[in-house]
Amino acid sequence: MKLLIKSACIAFVLTVIYSMIPFHTECKEISDEVFRLHILANSDEGYDQDLKLKVRDKVLLYTESIFENVQSKEEAENLISENLQDICNTAQKAVNDNGYSYQVTAQITKMYFTTRKYENYTLPSGMYDALRITIGRGEGHNWWCVMYPSICISTEESQDKAAKETFNDSQYDIVKSEKYEYKFKIVEIFEKICSWFG
């Protein structure tokens, strides 16, 4: 009887894993198509969190102008790379203009994000390329969004247009639909297991 139960459990686990492979592949392809923004506040004090949002507004305003005709993630990342110092200077000026002397750093990095829900979209967990801006010690709660496709500050209509132009039909369904919540959890667990093995 115990052998039968063990066999059934193993069969169930293998079935779940097998059924998740195509979904995980789609999630990986989504992460490959996306460039994110990650801003770390100096601390969790209210004034530092307010400052983080002021830095965010200035950075998004600056990058919006250079992203106007971007057609791919690679192009977006190249533009960020070419303008990285100016972006850092923009963030630093926002900090100084608000009466703080925190040092700001900006870098392009590949980092792990858990599943993140935006207003109308959910992005699966995984490794994403991102512009990371750190204010001061960078020990406060962070703020994040998607720079490409542009769903940071765009209208819902333009967000939808950008997402449809970036993702195939299956990927668009994944990021737009709310029916995949349990699959996102499984992908997160799978990603964590993979990270344990390097």
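Residues numbered from 1 in each chain as written. Predicted model: local features only at pLDDT ≥ 70, side-chain atom pairs only at ≥ 80, totals over all residues. Heavy atoms only, no water.

Caption draft 1: Just the overall build of the chain, in detail. For the chain, the count of helices and strands is seven helices and six strands. From first element to last, N terminus to C terminus, the chain shows the α and β order α-β-α-α-α-β-β-β-β-β-α-α-α. Per-residue burial for the chain yields a buried fraction of 44% across its 198 residues. Approximately 11500 Å² of the chain is accessible, and the part contributed by carbon and sulfur atoms is 55%. (Helix = DSSP H or I, 4+ residues; strand = E, 2+ residues; numbered from the N terminus. Buried < 20%, exposed > 50% of the residue type's maximum accessible area, 1.4 Å probe, protein only. Areas by Shrake-Rupley, 256 points an atom, 1.4 Å probe, with all protein chains shown as cover.)

Caption draft 2: Broad picture of the nonpolar core. One finds Ile30, Leu37, Val55, Leu123, Leu131 and Ile133 to be the most contacted residues of the largest nonpolar core, which totals 43 residues. Among the elements of the structure, strand 1 (35–40), helix 2 (46–66), helix 3 (73–82), helix 4 (84–97), strand 2 (104–113), strand 5 (126–135), strand 6 (142–148) and helix 6 (169–176) are those that each provide at least two residues to this core. (Core = buried A, V, L, I, M, F, W, Y, C linked by side-chain atoms within 4.5 Å.)

Caption draft 3: The arrangement of unusual backbone geometry in detail. A cis geometry characterises the amide bond from Tyr148 onward to Pro149, with omega recorded as -5°. Examined against the element boundaries, Pro149 turns out to sit in the loop between strand 6 and helix 5 (156–166).

Caption draft 4: Quick peek at helix 6. Along helix 6, the positions that sit buried rather than exposed are Gln171, Tyr172, Ile174 and Val175. Projected down its long axis, helix 6 shows its buried positions confined to an angular sector of 160°, all on one face. (Arc of directions from axis to C-beta.)

Caption draft 5: Here's a closer look at the packing of aromatic side chains. All chains considered together, the criterion is met by three aromatic pairs. Arranged with centres 5.4 Å apart and planes meeting at 20°, the rings of Tyr100 and Tyr102 form a pair that is stacked. Here the aromatic rings of Phe113 and Tyr128 are separated by 5.8 Å at their centres, their planes lie at 90°, and the arrangement is edge-to-face. Highlighted residues: Phe113 in strand 2 and Tyr128 in strand 5, separated in sequence by 15 residues. Here Phe113 matches Tyr128 in class, with each residue buried. Cluster of aromatic residues (ring-pair linked, three or more members): Tyr47, Tyr100 and Tyr102. Note that Arg36 overlies the ring of Phe113, its terminal NZ or CZ placed 3.9 Å from the centroid. (Phe/Tyr/Trp six-rings, centres within 6.5 Å; stacked < 30°, edge-to-face > 60°. Lys NZ or Arg CZ within 6 Å of the ring centre and 35° of its normal.)

Caption draft 6: Seen up close, the packing of helix 2 against helix 4. With their axes 9 Å apart at the nearest point, helix 2 and helix 4 run at an angle of 145° to one another. Like other packed secondary-structure pairs, helix 2 and helix 4 cross with a definite hand, here right-handed. In this structure, helix 2 uses Leu51, Lys54, Val55, Lys58, Val59, Tyr62 and Thr63 to contact helix 4, whose residues at the interface are Asp86, Ile87, Thr90, Ala91, Ala94 and Val95. Here the contact of helix 2 with helix 4 is composed, by residue class, of eight nonpolar, two polar and three charged. (Axes fitted to C-alpha atoms, helices over the stretch in contact; angles between N-to-C directions. Left-handed = near helix turned anticlockwise from the far one by under 90°. Contact = heavy atoms within 4.5 Å. Nonpolar A, V, L, I, M, F, W, Y, C, P; charged D, E, K, R; others polar.)

Caption draft 7: Spotlight on the pattern of salt bridges. If you walk through the whole model with that rule in mind, you get six salt bridges. Residue Asp32 pairs with Lys28 through a salt bridge whose shortest N-O separation is 2.9 Å. Here the residue Asp32 and the residue Lys28 both occupy positions in helix 1 (residues 2–33), the gap between them amounting to four residues, near one helical turn. Of the residues examined, Asp32 reaches a relative accessible area of 31% and is grouped as partly exposed. Note on Lys28: relative accessible area 43%, which makes it partly exposed. Taking the shortest distance from any N to any O, the salt bridge between Lys93 and Asp97 comes out at 2.7 Å. Of this pair, Lys93 and Asp97 both sit in helix 4, four residues apart, which is roughly one turn of that helix. Given the relative accessible area of 51%, Lys93 is considered exposed. Through salt bridges with shared partners, one network takes in Lys73, Lys110 and Asp129. (Salt bridge = Lys/Arg side-chain N within 4 Å of Asp/Glu carboxyl O.)

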